[in-house]
Amino acid sequence: MAYSVREERQSLATILRDKLDESERAILQLRRDNAESFLMLLDSIEECFSQLESSGLDLRPEQSRWLNLQGKLRGDAGRIVRVLDNAGGLRQLRKRNSPAQGMWWRLDEVVAANRRNLIRKFGMTFGTVALFVAMVWALFEFIPVDANTVIASEAITSVRQLTLEENWSDALAVIEEAKFELTQPDAELLIWEAVVRDILGQGEIVDDTLAEAIALIDPDQKPAYWWTLGSAYLTVGDLEKARKIGEDAIRLYPLDPQGYYVLGTVSEMEGDTGAAIELFEKTFELAIESNTELAVVARVRMGTLLQRPVNMFPAVENQPANESGSDGD
């Protein structure tokens, strides 16, 4: 009987190793048609470990492979979630495979958390760069900053922080208070008003507000409008709006670097490192002569991405994503 138990455990250990082999291959070739079975395979691996927990077998090599595989899942969560979206979305997949407790069933939450952190980082970086440029400009020009500039700048700083906290109502209140104090309208403040109202579902006001903002900008500075609008949507986490704005900017001003920078940031937030590097390189090439500050920022962002471990997984062909409903998680 003892021999039979040992034989059964050895057989289960062999099954575990086979499943690990299969999962390590599958993660490299993940597609819409095998995505759900891949998640179920991970469940079965976890179950094998649970059954072998008290077996006395030396499973350290298998445990190391398992931890490494979970690390790959987290590290490449953006790509994997995009594939899972094409398979119906993790919410629907969790419904079909309840209780779906493994970390791999919650990769969308990992991606969302990573995106929130990146948005906060981007928001702080963008705000710091903008403040630094404004201070340098003021110092070199020796021009006193007027009251309107101070009011608008302080309001925008507060609004940016409130939007990072998703405190939309307070952000709008700050904007409205600042507009009341201003003796003349401020284009950037109006852009932020439009974005916040958009988030709040006040779409009927958005277009008029943006029209007022762009009318305040000199014709030769129009690309800055798209840069500011795209950056605001990036800060609030609306990547689809930011992408459209970046694409519009490139279409209208193909030789201006700012639209490429917005799209590069969208790609970085979505985990598409290759596309982000290319877009930041294009930003640098176009900005090196005309916008030194942006060229430096683009080169730093590109360098940071290049220092990441080389992408281990091939790009996945774009496929139309199926709409997924919400679950009760």
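Owing to the predicted nature of the structure, the values given are computational and were not obtained by experimental measurement. (Residues numbered from 1 in each chain as written. Predicted model: local features only at pLDDT ≥ 70, side-chain atom pairs only at ≥ 80, totals over all residues. Heavy atoms only, no water.)

Some remarks on the overall build of the protein chain
Part 1: Scanning the protein chain from N- to C-terminus turns up 15 helices and 0 strands.
Part 2: In the protein chain, which comprises 329 residues, the proportion classed as buried is 43%.
Part 3: Residue pairs at least 24 apart in sequence account for 66% of intrachain contacts in the protein chain once pairs closer than 6 positions are excluded. (Helix = DSSP H or I, 4+ residues; strand = E, 2+ residues; numbered from the N terminus. Buried < 20%, exposed > 50% of the residue type's maximum accessible area, 1.4 Å probe, protein only. Contact = heavy atoms within 4.5 Å.)

Details of the packing of aromatic side chains
Part 1: What the rule picks out here adds up to 5 aromatic pairs.
Part 2: Ring plane angle 45° and centroid distance 5.3 Å describe the contact between Trp227 and Tyr261, whose orientation is recorded as tilted. Of this pair, Trp227 sits in helix H11 (residues 222-236) while Tyr261 sits in helix H13 (residues 257-269), and the two are 34 residues apart along the sequence. Like Tyr261, Trp227 is buried.
Part 3: Ring centres of Tyr261 and Phe280 lie 5.4 Å apart, and the angle between their planes is 50°; this geometry places the pair in the tilted category. Here the residue Tyr261 occupies a position in helix H13, and Phe280 occupies one in helix H14 (residues 273-287), the gap between them amounting to 19 residues. One exposure class covers both Tyr261 and Phe280, and it is buried.
Part 4: Here the aromatic cluster, defined as three or more aromatic residues joined through ring pairs, consists of Phe49, Trp66 and Trp104. (Phe/Tyr/Trp six-rings, centres within 6.5 Å; stacked < 30°, edge-to-face > 60°.)

Quick look at the pattern of salt bridges
Note on pairing: side chains with opposite charge can pair once their charged atoms come close.
Part 1: Inspection of the entire model under this criterion finds 21 salt bridges.
Part 2: Between Arg65 and Asp21 there is a salt bridge; the shortest N-O distance is 2.5 Å. With Arg65 in helix H3 (residues 60-75) and Asp21 in helix H1 (residues 2-26), this residue pair connects regions lying 44 residues apart in the sequence.
Part 3: Given a relative accessible area of 24%, Arg65 falls into the partly exposed group.
Part 4: One connected set of salt bridges, linked through shared partners, spans Glu176, Lys179, Glu193 and Arg197. (Salt bridge = Lys/Arg side-chain N within 4 Å of Asp/Glu carboxyl O.)

Overview of the packing of helix H12 (residues 239-252) against H13
Part 1: Between H12 and H13, the shortest axis-to-axis distance is 8 Å and the interhelical angle comes to 150°. Of the possible angle classes, the one that applies to H12 and H13 is roughly antiparallel. Crossing of H12 against H13: the hand is left-handed. Along the contact surface, H12 presents Leu239, Ala242, Arg243, Gly246, Glu247, Ala249 and Ile250, while H13 presents Gly259, Tyr260, Val262, Leu263, Val266 and Met269.
Part 2: Grouping the constituent residues of the contact of H12 with H13 by class yields 9 nonpolar, 2 polar and 2 charged. (Axes fitted to C-alpha atoms, helices over the stretch in contact; angles between N-to-C directions. Parallel < 35°, antiparallel > 145°, perpendicular 65-115°, else oblique. Left-handed = near helix turned anticlockwise from the far one by under 90°. Nonpolar A, V, L, I, M, F, W, Y, C, P; charged D, E, K, R; others polar.)

Quick look at the confidence of the model for the protein chain
Part 1: Looking at the protein chain, pLDDT values average 81 and 81% of them are 70 or higher.
Part 2: In the predicted structure, residues 138-143 sits below a pLDDT of 50 and forms 3 contacts with residues beyond four places in sequence or in another chain.
Part 3: Residue range residues 310-329 is modelled with pLDDT below 50. Its contacts to residues more than four positions away, or to other chains, number 35 contacts. (pLDDT = per-residue confidence, 0-100.)

What to know about the side chain of Thr228
Part 1: Structurally, Thr228 can be placed in helix H11.
Part 2: Under the relative-accessibility criterion, Thr228 is labelled buried at 15%.
Part 3: Ignoring sequence-local partners within four residues, the contact set of Thr228 consists of Glu188 and Ile191.

Some thoughts on helix H8 (residues 168-181)
Part 1: Look at H8: 20 Å from first C-alpha to last across 14 residues, which is about the 20 Å you get at 1.5 Å a residue.
Part 2: On its buried face, H8 sits against helix H7 (147-164), helix H9 (187-199) and H11. (Expected span 1.5 Å × (residues − 1).)

Here we look at the packing of H8 against H9
Part 1: Running from N to C, H8 and H9 point in directions that differ by 150°, and their axes come no closer than 10 Å. Looking at the two axes, H8 sits roughly antiparallel to H9. In the packing of H8 onto H9, the handedness of the crossing is left-handed. Contact residues: H8 offers Trp168, Ala171, Leu172, Ile175, Glu176, Ala178 and Lys179, while H9 offers Leu189, Leu190, Trp192, Glu193, Val196, Arg197 and Ile199.
Part 2: Broken down by class, the residue content of the contact of H8 with H9 amounts to 10 nonpolar, no polar and 4 charged.

What to know about unusual backbone geometry
Part 1: Look at the link from Ser98 to Pro99: it is a cis peptide, with omega at 10°.
Part 2: Here Pro99 shows up in the loop between helix H5 (90-96) and helix H6 (107-141).
Part 3: Within the chain, Ala100 stands out as a residue other than glycine whose phi angle is a positive 45°.
Part 4: Its location among the elements puts Ala100 in the loop between H5 and H6.
Part 5: The phi torsion at Glu166 lies on the positive side, around 60°, for a residue other than glycine.
Part 6: Topologically, Glu166 is positioned in the loop between H7 and H8.

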